[in-house]
Amino acid sequence: MATADTAHPDGRPRLLLSAFVMNTTSHIMGGQWRHPAAQQHRFNELELWTSLARQLEDAKFDVMFFADVVGLYGNDDGGWAPHVRRGMQVPANDPLILLGALAATTRNIGLAATSSVVQSHPFQFARQISTLDHLSQGRAAWNIVTSAAENAHRNFGDGLVAHDDRYAWADEYVAAAYKLWEGSWDDGALVQDKENGIHADPDRVHKIYHRGHRYSIDGPHLSAPSPQRTPVLFQAGSSGRGQQFCAAHAEATFMLSPNPAAAAEYTASVRQQAVAAGRLAGDVKFFQGLHFIVGSTEAEAARKAAELDEYLDSGALIAHIGGGAGVDLGGLDLDTPLGEFHTEGTQGHLDSLRKSVPGGNPTLRDVANFRSRAHRVLGTPEQIVDRLEEWQDAGVNGINIINQLIPDSYTDFIEHVLPELRRRGLAQQDYAEGTLREKLFGAGDNGAGLNDRHPARSYRGAFTANSATAEQAQNALEDAR
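### So, the nonpolar core
Right, so step 1: Residues Trp49, Leu56, Phe61, Met64, Leu102, Phe292 and Leu421 are the most contacted members of the largest nonpolar core, which totals 84 residues.
Right, so step 2: Broken down by element, this core gets its largest block of residues, 11 residues, from helix α6 (residues 163–183).
Right, so step 3: What tryptophan 49 contacts, discounting residues up to four positions off in sequence, is Val21, Met22, Asn23, Phe43, Met64, Phe66, Leu98, Leu102 and Ile406.
Right, so step 4: Within the second largest apolar cluster, 21 residues are counted, among which are Met22, Phe254, Phe287 and Leu317.

This is the structure we're talking about:
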């Protein structure tokens with residue numbers, strides 16, 4: 001069904017809507033799982049997620065975006081026990097497994113999984129994502145991360161790799177995956193001709209013979225091309241090197257800018273780099289992370305905010321940021337300055353923290369306030385949408401909605417904010433046809449596939465000399481010798 005949207009009087013495009021979730025109890029807003037209305041402690045129950053996915057799809061959300069980690073955050077107050085006690089992203093389940101189930105209970109919403117280059121060999125991961133894209137009829141997305149936690153790297157080998165070296169690792173990882181998704185099977189290779197007994201044309205299936213610093217992969221890809229071939233590519237790097245990677249590869253980026261001014265600087269920088277890399281500025285969509293507290297009046301919204309704040313765990317908020325940056329901030333006085341330091345952890349978040357307060361040297365109290373309030377939008381539906389238009393003016397295409405309570409955070413947004421967005425023509429009334437990529441970008445360029453400006457497209461047709469019959473001929477020649 002074609003999208004039936006009401007145009008905004010100022011000609012604004014609609015906002016893309018994503019639900020930012022994680023298959024764990026405590027994701028971003030530490031402590032909120034203790035709230036009487038919170039249901040996220042039921043994260044092990046499939047019904048929690050299928051019910052939420054159907055609710056989001058009924059509301060015409062674009063994406064259900066799953067964060068993930070593959071290790072504990074850095075130490076807090078001298079160790080990792082506080083993370084376990086607070087349930088701070090531990091335990092956490094594999095989102096790819098869950099998304100397979102959600103593919104069966106939804107029809108249109110995009111299904112985005114975070115997966116680190118650390119955790120899975122690219123041959124295996126490429127096959128998993130292709131499978132998800134097949135089963136969901138082209139709704140798979142991948143959030144590419146490099147993992148900043150020491151424990152994550154030690155769970156899969158040696159210690160933490162230096163920040164820029166992690167992006168070099170990611171460069172090779174995506175190249176290997178692109179070769180499998182884009183180059184290993186030609187269009188039309190899967191014949192499935194029952195009459196002549198030809199299932200696939202070997203001349204159109206190719207080994208890739210990837211030989212890199214970390215990986216050696218012969219291929220071919222064991223999955224035939226899925227509806228999108230390559231999933232929609234998300235990435236969240238905000239450091240200089242992260243922006244460079246994003247500009248080269250991402251189709252969408254998740255950002256946590258502290259204010260619209262900082263967002264305008266970031267979006268302009270990435271778009272400029274994307275153009276320099278041979279892409280168009282519009283080839284990258286920007287999703288700002290925000291959470292919402294909505295009331296029929298300002299006073300009601302403030303009352304709801306105060307109630308939610310009673311359940312916030314400031315220690316968990318500080319541990320989350322410090323642990324991600326590789327700095328133990330636990331047990332310190334809240335008025336301790338964060339100071340200037342270099343870390344191999346998440347550098348972009350530290351830069352955002354410094355920009356969030358005058359003078360650029362926040363205290364730990366500022367850190368807690370930043371995590372709980374910097375991305376909070378509070379007020380009536382009209383006030384909230386006014387604020388969202390300011391984010392749009394800063395170059396933001398969509399909102400990645402952080403939750404305090406599942407499902408109530410999304411229910412409140414859907415019931416109160418979404419009608420005002422639709423009244424202004426800023427939210428879709430129905431889904432467009434096609435894959436997730438077509439829903440986000442339209443059916444231009446190459447339709448369901450990546451456009452020709454994306455580096456992955458260079459691998460189409462790159463391995464024709466490595467077809468099965470070509471290899472057989474080479475083997476026969478060698479045997480004759």
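### What to know about empty space enclosed by the protein
Remark: the empty space left among the atoms is shown by a probe the size of a water molecule rolled over them.
Right, so step 1: If you walk through the whole model with that rule in mind, you get 3 cavities of 30 Å³ or more.
Right, so step 2: Taken as a whole, the largest cavity holds about 90 Å³ of empty space.
Right, so step 3: Classifying every residue of the lining of the largest cavity by side-chain character gives 5 nonpolar, 9 polar and no charged.

### Side note on the pattern of salt bridges
Right, so step 1: Counting across every chain of the model gives 25 salt bridges.
Right, so step 2: The partner of arginine 460 in a salt bridge is aspartate 187, with the nearest N and O atoms 3.8 Å apart. One end of the pair, arginine 460, is in the loop between α15 (436–441) and α16 (468–480); the other, aspartate 187, is in the loop between α6 and β5 (190–193), and 273 residues separate them in sequence.
Right, so step 3: The shortest N-O distance in the salt bridge between arginine 387 and glutamate 390 comes to 2.5 Å. Residue arginine 387 and its partner glutamate 390 are both found in helix α13 (residues 381–393); the two are separated by 3 residues, about one turn of the helix.
Right, so step 4: With a relative accessible area of 31%, arginine 387 lands in the partly exposed category.
Right, so step 5: Since its relative accessible area comes to 39%, glutamate 390 is described here as partly exposed.

### Thoughts on unusual backbone geometry
Right, so step 1: With an omega dihedral of 5°, the bond running from glycine 219 to proline 220 counts as a cis peptide bond.
Right, so step 2: Mapped onto the fold, proline 220 is located in the loop between β8 (216–217) and β9 (232–235).
Right, so step 3: Residues isoleucine 406 and proline 407 are joined by a peptide bond in cis, for which omega reads 5°.
Right, so step 4: In this fold, proline 407 is placed in the loop between β13 (398–402) and α14 (408–423).

### Some points on the packing of aromatic side chains
Right, so step 1: Taken as a whole, this structure holds 17 aromatic pairs when the rule is applied.
Right, so step 2: Where tryptophan 142 meets tryptophan 181, the ring centres are 6.0 Å apart and the plane angle is 75°; that geometry is what we call edge-to-face. Taken together, the positions of tryptophan 142 in strand β4 (residues 140–145) and tryptophan 181 in helix α6 put the pair 39 residues apart, joining distant regions of the chain. Each member of the pair, tryptophan 142 as well as tryptophan 181, carries the same accessibility label: buried.
Right, so step 3: Linked through ring pairs, Phe20, Phe65, Phe234, Phe254 and Phe287 together constitute an aromatic cluster.

Definitions and limits used
- Residues numbered from 1 in each chain as written.
- Predicted model: local features only at pLDDT ≥ 70, side-chain atom pairs only at ≥ 80, totals over all residues.
- Heavy atoms only, no water.
- Core = buried A, V, L, I, M, F, W, Y, C linked by side-chain atoms within 4.5 Å.
- Buried < 20%, exposed > 50% of the residue type's maximum accessible area, 1.4 Å probe, protein only.
- Helix = DSSP H or I, 4+ residues; strand = E, 2+ residues; numbered from the N terminus.
- Contact = heavy atoms within 4.5 Å.
- 1 Å grid on protein atoms, 1.4 Å probe; cavity = no way out; pocket = protein on both sides within 12 Å on 5 of 7 lines; lining within 4 Å.
- Points joined across faces, edges and corners; volume = space filled by probe spheres on them.
- Nonpolar A, V, L, I, M, F, W, Y, C, P; charged D, E, K, R; others polar.
- Salt bridge = Lys/Arg side-chain N within 4 Å of Asp/Glu carboxyl O.
- Phe/Tyr/Trp six-rings, centres within 6.5 Å; stacked < 30°, edge-to-face > 60°.

Function-wise, these values are silent; they only describe arrangement.
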